[in-house]
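Residue strings, one per chain:
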Amino acid sequence: MMSVDAVLQFLERHQDWSFLVTLVFAFAETLAFLSLLVPSTAILVGVGALISTGALDFLPIWAGAATGAVIGSSVSWWLGARYGEALLKRWPMNRDPLLVARATEAFRRWGLPAVFIGHFFGPLRAIVFLFAGMTRIPFWRFQLVNLPGCLVWAWFVPKSGEIGGEIIGWLWGLFGV
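We now turn to the structure provided with this report.

Conventions adopted
Residues numbered from 1 in each chain as written. Predicted model: local features only at pLDDT ≥ 70, side-chain atom pairs only at ≥ 80, totals over all residues. Heavy atoms only, no water. Helix = DSSP H or I, 4+ residues; strand = E, 2+ residues; numbered from the N terminus. Phe/Tyr/Trp six-rings, centres within 6.5 Å; stacked < 30°, edge-to-face > 60°. Buried < 20%, exposed > 50% of the residue type's maximum accessible area, 1.4 Å probe, protein only. Polar contact = N/O pair within 3.5 Å; in protein donor to acceptor, adjacent residues only side chain to side chain. Contact = heavy atoms within 4.5 Å. Patch = residues over 30% accessible without salt bridge, like charges linked within 9 Å, V, L, I, M, F, W, Y side chains within 5 Å. Areas by Shrake-Rupley, 256 points an atom, 1.4 Å probe, with all protein chains shown as cover. Salt bridge = Lys/Arg side-chain N within 4 Å of Asp/Glu carboxyl O. Axes fitted to C-alpha atoms, helices over the stretch in contact; angles between N-to-C directions. Left-handed = near helix turned anticlockwise from the far one by under 90°. Nonpolar A, V, L, I, M, F, W, Y, C, P; charged D, E, K, R; others polar. Expected span 1.5 Å × (residues − 1). Bend = angle between axes of the 7 residues up to and from the residue.

### Examining unusual backbone geometry
And then number 1: We note that R136 has phi near 65 degrees; this positive angle belongs to a residue other than glycine.
And then number 2: Mapped onto the elements, R136 comes out in the loop between α8 (128-134) and α9 (139-175).

### Let's talk about the packing of aromatic side chains
And then number 1: Tallied over the entire structure, the rule returns 8 aromatic pairs.
And then number 2: Ring geometry for F116 and F120: centres 5.6 Å apart, planes at 50 degrees, overall tilted.
And then number 3: Residue F116 is classed as partly exposed on the basis of its relative accessible area, which comes to 31%.
And then number 4: F120 sits in the partly exposed class, given a relative accessible area of 30%.
And then number 5: When the centroid spacing of 6.3 Å and the interplanar angle of 40 degrees are considered together, the rings of F139 and F142 count as tilted. Of the two residues, F139 and F142 both sit in helix α9, 3 residues apart, roughly one turn of that helix.
And then number 6: Among the residues examined, F139 registers a relative accessible area of 26% and is labelled partly exposed.
And then number 7: You can call F142 buried: its relative accessible area is 0%.
And then number 8: A network of ring pairs unites the aromatic residues W77, F129, F139, W140 and F142 as a single cluster.

### Things to note about the side chain of S74
And then number 1: As for its position among the elements, S74 is in helix α4 (residues 58-88).
And then number 2: A distance of 2.7 Å separates a polar atom in the side chain of S74 from a polar atom in the side chain of Q143.
And then number 3: When residues no more than four places from it in sequence are discounted, the contact partners of S74 are F139, F142, Q143 and N146.

### Let's talk about a nonpolar patch on the surface
And then number 1: On the surface, a cluster of nonpolar side chains totalling about 550 Å² of accessible area is made up of F116, F120, F121, V152, W155 and F156.
And then number 2: Examining the composition of the nonpolar patch, we find that 3 residues originate from one element, α9, more than from any other.
And then number 3: Among the structural elements, F120 can be located in the loop between α6 (113-118) and α7 (122-125).

### Regarding the packing of helix α2 (residues 18-30) against α4
And then number 1: Two numbers describe how α2 lies on α4: the axes approach to 7 Å, and their chain directions differ by 30 degrees. Relative to α4, α2 is oriented so that their crossing is right-handed.
And then number 2: The residue inventory of the contact of α2 with α4, partitioned by class, reads 11 nonpolar, 9 polar and no charged.

### Section: α4
And then number 1: Taking 1.5 Å per residue as the helical rise, α4 with its 31 residues ought to reach 45 Å, whereas the 38 Å between its terminal C-alpha atoms falls clearly short.
And then number 2: Along α4, the helix axis deviates most sharply at R82, where the bend reaches about 80 degrees.

### Here's the deal with the environment of I61
And then number 1: Checked against the element boundaries, I61 lands in helix α4.
And then number 2: The exposure class of I61 is buried, given its relative accessible area of 0%.
And then number 3: As a C-alpha pair, I61 and T22 span 39 residues in sequence and 6.0 Å in three-dimensional space.
And then number 4: In this view, I61 contacts S18, T22, V47, I51, L56 and P158; residues no more than four positions away in its chain are not counted.

So, in structure tokens, the structure goes:
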């Protein structure tokens with residue numbers, strides 16, 4: 001598997017790939033199960049740091065991440081609607097009953113807004129979209145909450161890296177380190 005540094009170095013040299021690369025990692029971050037294995041958040045925050053240096057433009061990053069998030073969360077919804085309870089009996093779901101309990105509680109407590117909230121909580125993000133399909137939330141109702149969640153999440157994650165990079169650059173300049 002590629003390291004975070006390798007992905008960031010690739011993007012620094014090949015800016016034209018930034019849309020596609022961020023799409024792939026945002027897809028991986030929002031796809032049930034795969035999001036547990038791929039360090040997508042670290043990569044997207046690192047991409048934001050590259051934006052702060054001027055190595056990348058924000059718009060293709062945001063568009064790629066938003067597109068990937070919509071695709072990944074929608075596929076996860078479909079998996080939940082199609083395979084539902086059978087998925088809960090398979091790895092990794094059967095290994096982490098607390099994760100399943102958290103998702104169940106989130107839907108019981110917040111209902112459909114849990115989809116929006118799920119974009120911003122790593123462990124919940126791994127299965128919240130799956131649970132939306134399992135609970136038979138109609139696809140278009142799901143998208144009414146999911147699409148804004150994808151857009152905000154895709155803006156926030158790289159933007160946090162960009163702001164962090166600017167702060168580090170400012171401190172670097174201030175102290176002449």
